[in-house]
Each structure stands twice: as structure tokens, then as C-alpha cells.
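# Tertiary structure, described
Read off the chains here:
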Amino acid sequence: MSEQREQWQSTAGFIMAAVGSAVGLGNIWRFSYVTYENGGGAFLIPYVLALFIVGIPLLLLEFGIGHYMKASAPVSLFRIDRRFQWVGWWAVGFTMFGILIYYCVVIAWCLSFIFFALYQPWTGVEGGANAFFFGEFLGAATEDGLRGPFDLTGPNLTVLVALAAVWAINGVIVGRGLRAGVEPVIRVFIPLLFLLMIVLVVWSLFLPGAGQGLTWYLSPDWAKLADWRVWVEAITQIFFTLSLGFGIMIAYASYLPERSNITRNALITAFADSGFAIFAGVAVFATLGFMAQAQGQGVEDVVTSGIGLAFVAYPQVISELPFLPTMFGVLFFSALAIAGLSSSISLIQAFVSALSDKYEVDRTKVVGTLCTIGFLLGMVFTTGAGIAWLDIVDHFLTSYGLVLVGLLEALIVGWVFGGERLGSHIEGAGSFRFSSHYGTFMRLLMTGALAFTWFGLHQAEDGLGTFLARLFVLLSIAGVWLQRSWLDYSLKVIIPVALLGLLDRALAQ
Ligand code: PHE
Ligand code: NA
């Protein structure tokens, strides 16, 4: 390559960018809704286990490999073994591009709702906020329910204009490059986002009925833990929330300087993301509790889906608020838009990095072309059939995209590159010694999770499969303690087995 590879101006810039990618729409509406659906407070157990056993090791992997290879996903994997380059392109080209396109559409809705919050157009509509969002705004409502995927209409003008704005903002930021665009913008976005969220949480806790909402959010339903789908949800949420399996974290880490504390950066990113999600859930549910009380409704009436939460329930709440409703609405939708933009920037940056690592390309041209194509493809989501497509794409991409890429990454790095080699690279680059205390902690945690699986197997029928599963659990516990590197063992065995089981169940559904 002709030019010197760009570098982050500072570690803080890198961490904020990684946190910016991780903290997104998923933290605000996806997490709180998924938690509520999957056992409330009890869901935190599979969630935290998935965070430590799958999430953090894979984050270490993506940061470590990007830093080691100084390249984004396709070229990094190519350098491990040329036969694996396609995995990187699959991650960057298919999964990432797919998510990017619909993610930008949701950001466009958020931008529109910042303006709607100013005059709350849904108050005059028959059917309220629900009819406004699905009907007037999206044009998706018909006499009998929502339009199907092939029930196309023309694009909706408001959404189209907002979508063009979203792509233009993204394009300008990424087009200026890492140092002149992404980093300075993120350094404003992230503190602002955390500040907005603190204001929203405090504000919502003072609303009457907030306590009831928090009970809905967090009161544990332990019986749910016996349902494997809850565990699948936890792992899927971890992938989505940490932006894993896209090649984003690989690309971001490739711009780190030689000496970098990768473990610390990964832990900060993971904890900031989960902390933000749990915290944001407080604001979401406190507000829903208020609304239920004001309208004399139960929780089932106010919690519908992630999308319904943000674009139906919240607008309704805003109109009911006793104090500065407009301001509350503007803050809420601004927080969503900023969280979304800092993630979409990372998606585009990863794509641009992948292309420019491989080919001599002009960044401005690549960004311009990408944003134009993304906008044009995104137009399908601005039609009345858009919302049906959104559901299909989301389901398809999370199962076949992220989780599959995560599985392949773990196998390739574990078995071909070597997990121990990755571990010593990470340790060599920074001062954090994660082999000692952190290693013991991880081993205990993995043993705990395996023991949990053992007890779970009691519910299974006896048979060869169950016998083999029990054997596997015992051998794994032995392996966790006998292997020198916990990271190596989890990449080689634990993560692949967990993800294979998950894929199998997801496909069987
Ligand atoms: N991590 C983002 C979220 O929680 C989702 C995302 C994944 C965004 C990958 C960009 C890239 O919302
Ligand atoms: Na997230």
C-alpha cells in the first residue's frame, strides 16, 4: 500500500468508537424488550454468561486479530490462511451490508420523530400513535393488518427524505477518514449520548408509575431458564449488541498503535455496552409504567415489540407527560438517532477498510458509491411493505450472518491461527496480564456454565445423544482446567459447541 496506515489519535478515541459501534438501537429497544420477554431479571443470568463465555472472548479475538494483522476482516483472514478470505467478505459484504441498509432506515425514523416530537402529529389521528406510525407514517397498515412483503406501494416521502439525510450524514463523516471524520465526531457523540441517557433515566424515574414499570422489566421468572430459546436469545443479543461477526471490531482495532492494551479495551467496551443497555432499560420501562398508569392499562397493552416500543408507546407517552413533553420527546429520539449513527458509521468504515486493504481505491469514491447504493436499496424499506421486509431481513441476518461468522472465526483462529498465539500477542501488546486472575475467573465461570448444562440435561430423555452430551460436559470441564490457555480452549471447543448447538436449534425451529 502506498500510504501509511491511518491510526487513531488516541486510545480514548478508539474506545469511544468501539463503544459507539456497540451501543446502538439494540441497547435501547432490543435489549429491554428481549429481557422482558425472556424472564425479566432472570434473563440476566444467561445474558451475563453469554457475555463472558461467548462475547468477551470473541471481542478479544476480533480486536486481537485486527491488531495483529493490521487489516480488516477479509485480509486478516486471508493472512491466516488464504482459503478463509471469503469468510471475511461474507461478514463484511453480506451480513454487514444487509444490516446497514435496514439499520439506516430505522435511524431515518428516529430523525423524523425528533421533528414529530415538536408538534406530536399523532394526537389528532384516530387510532392514536399506533395508527399514526403504521398507517400515516409508514403506509403499512391496511384494512386487515399490515402489508405483506410483496404488497408493494410507492415510497413514503417523509421516510425517503430522512433516509437520504441519514446516508448523507454517514457519507460525509466516513468520507473524511478516520482521523478527520470518524474519531472527532464520535468524541462528541458518545459523551452526549451518555449524558442524554442519564437525563432520560432520572427524568423517567420521577414519573408516577415508574416503580411498576421497573417491576415488569426486572422481576425474575426463573422458570424461563429451562427454555433453551431463552439461551439462544441471550447469545444472539450478545452478538448483535457487541457488533460481533461483522468484521467491524477487526477493522477498528487494525488502526491501533503497536502498543495497545487490548484486554482492557475489550472489557471497557463490553461493560460500557451492557451497562448502557441495562440502564436504558430502566428509562424505557419506567416510562412504560407511567403510561400504563395514566391510561389504566396492563403491561401487555404497552409492551408490544421493539419497534412498537420506540415508535408507538413512546410517542403516546410523550403526549401524556405532565412536564415539558416536547423536550422529553426530542431528547429521547435524539438519543436513539445518535446511538444509531455511531453504529452505522462503524459499519460503513468496516466496509471501506475492507475494500481499501484489498484494492487501491479512492476513499471518497468508495464512500460515495456505497452510500448511493445503500440509499437506493434502502428505498424498499420506505414503502408500505418495508416493515414486513425488516422482520425477514433481521431474522435471516442474525441467524445466518453473525452467528455463523462468529462460529467460523472461533474455529479458524482457535485451530488454524492458534488461540495461545492470539493470547500471547494480546499480552505482549499491553500490560494487562489476563493469564493469571482473569484466567482463573474465566475457568470458574466456564465450569459453572458447564455444570449448569449438566443439570439441564436431566430434563432430556436418556439415550445415546444425552450420554454423549454428558460425556462432552465432563471432558470439557477437565479441558478447561488442564489446558494452559483458557482463551485457546474456549475458541477451539466451548464457543464452537455452544454456537453449533444454537444454530441447530435455530434451524430446527
Ligand atoms: N451493536 C449495535 C446495537 O446494539 C448493532 C450493530 C451491530 C450496529 C453491528 C452496527 C453494527 O444496536
Ligand atoms: Na449494543
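Okay, so let's go over this structure. The shown structure was predicted, so the numbers you read here are calculated from the model rather than taken from an experiment. (Residues numbered from 1 in each chain as written. Chains lettered and ligands numbered in written order. Predicted model: local features only at pLDDT ≥ 70, side-chain atom pairs only at ≥ 80, totals over all residues. Heavy atoms only, no water.)

## Here's the deal with the site of ligand 1
- Surveying the vicinity of ligand 1 reveals 14 residues, the closest of which are Ala22, Gly26, Tyr103, Phe240 and Thr241.
- A distance of 3.2 Å separates a nitrogen atom of ligand 1 from a polar backbone atom of Ser21.
- One of the side-chain N or O atoms of Ser243 is found 3.1 Å from a nitrogen atom in ligand 1.
- Isolated, ligand 1 exposes 320 Å² of accessible area, and the fraction of that covered by the protein chains is 100%. (Near = heavy atom within 4 Å. Polar contact = N/O pair within 3.5 Å; in protein donor to acceptor, adjacent residues only side chain to side chain. Areas by Shrake-Rupley, 256 points an atom, 1.4 Å probe, with all protein chains shown as cover.)

## Some points on the nonpolar core
- Trp109, Phe133 and Phe311 are the most contacted members of the largest nonpolar core, which has 187 residues in total.
- Considering each element in turn, this core owes the most residues, 20 residues, to helix α5 (residues 85-119).
- Apart from residues lying up to four places away in sequence, Trp109 is in contact with Phe133, Phe137, Leu138, Val159, Ile307, Phe311, Ile387 and Leu390. (Core = buried A, V, L, I, M, F, W, Y, C linked by side-chain atoms within 4.5 Å. Buried < 20%, exposed > 50% of the residue type's maximum accessible area, 1.4 Å probe, protein only. Helix = DSSP H or I, 4+ residues; strand = E, 2+ residues; numbered from the N terminus. Contact = heavy atoms within 4.5 Å.)

## Things to note about helix α9 (residues 210-218)
- Turning to α9, its buried residues number three or more, namely Ala210, Gly213, Trp216 and Tyr217. Buried residues along α9 cover an arc of 120° about the axis, so they all sit on one side.
- Packed against the buried residues of α9 are α2 (25-37), α8 (178-205), α12 (262-295) and α13 (299-302). (Arc of directions from axis to C-beta.)

## Considering a nonpolar patch on the surface
- A cluster of nonpolar side chains, namely Leu464, Phe467, Leu468, Leu471 and Leu475, defines an oily patch on the protein surface of about 530 Å² accessible area.
- Looking at the element boundaries, Leu471 is found in helix α19 (residues 464-482).
- Assessed through its relative accessible area of 38%, Leu471 is described here as partly exposed. (Patch = residues over 30% accessible without salt bridge, like charges linked within 9 Å, V, L, I, M, F, W, Y side chains within 5 Å. Salt bridge = Lys/Arg side-chain N within 4 Å of Asp/Glu carboxyl O.)

## Some remarks on the environment of Leu491
- Mapping Leu491 onto the fold places it in helix α20 (residues 486-508).
- We classify Leu491 as buried; its relative accessible area is 0%.
- On a C-alpha basis, the gap between Leu491 and Phe43 in space is 24 Å, while along the polypeptide they are 448 residues apart.
- The contacts of Leu491, once residues within four sequence positions are left out, are Leu58, Leu61, Ala410, Leu411, Val413, Gly414, Gly419, Leu422 and Pro496.

## Things to note about the coordination of the sodium ion (ligand 2)
- Surrounding the sodium ion (ligand 2) are the protein donor atoms Ala22 (O), Asn27 (OD1), Thr241 (O), Thr241 (OG1) and Asp273 (OD), which sit 2.1 to 2.7 Å from the metal.
- For the sodium ion (ligand 2), the six donor atoms in the first shell make angles of 78 to 168° at the metal, so the coordination geometry reads as irregular.
- Given a relative accessible area of 1%, Thr241 falls into the buried group. (Donors = N, O, S within 2.8 Å, 3.2 Å for Na, K, Ca; no water. Tetrahedral: all angles 85-135°; square planar, octahedral: opposite > 155°, others 65-115°.)

## Looking at the state of the cysteines
- Summed over the entire model, instances satisfying the criterion amount to zero disulfides.
- Between Cys104, a cysteine without a disulfide, and Cys371, which holds the nearest cysteine sulfur, the sulfur-to-sulfur distance is 7.9 Å.
- You can call Cys104 buried: its relative accessible area is 0%.
- Among the cysteines around Cys110, which has no disulfide bond, Cys104 carries the closest sulfur, lying 11 Å off.
- A relative accessible area of 0% places Cys110 in the buried class. (Disulfide = S-S within 2.5 Å.)

## Here we look at the packing of helix α7 (residues 157-175) against helix α16 (residues 363-378)
- Between α7 and α16, the least distance of the axes is 10 Å, while the angle of their chain directions is 160°. On the basis of their axis angle, the class for α7 and α16 is roughly antiparallel. Seen along the crossing, α7 lies across α16 with a hand that is right-handed. Across from Leu160, Leu163, Ala164, Trp167, Gly171, Val174 and Gly175 in α7, the residues of α16 making contact are Arg363, Val367, Leu370, Cys371, Gly374, Phe375 and Gly378.
- When its residues are assigned to classes, the contact of α7 with α16 shows nine nonpolar, four polar and one charged. (Axes fitted to C-alpha atoms, helices over the stretch in contact; angles between N-to-C directions. Parallel < 35°, antiparallel > 145°, perpendicular 65-115°, else oblique. Left-handed = near helix turned anticlockwise from the far one by under 90°. Nonpolar A, V, L, I, M, F, W, Y, C, P; charged D, E, K, R; others polar.)

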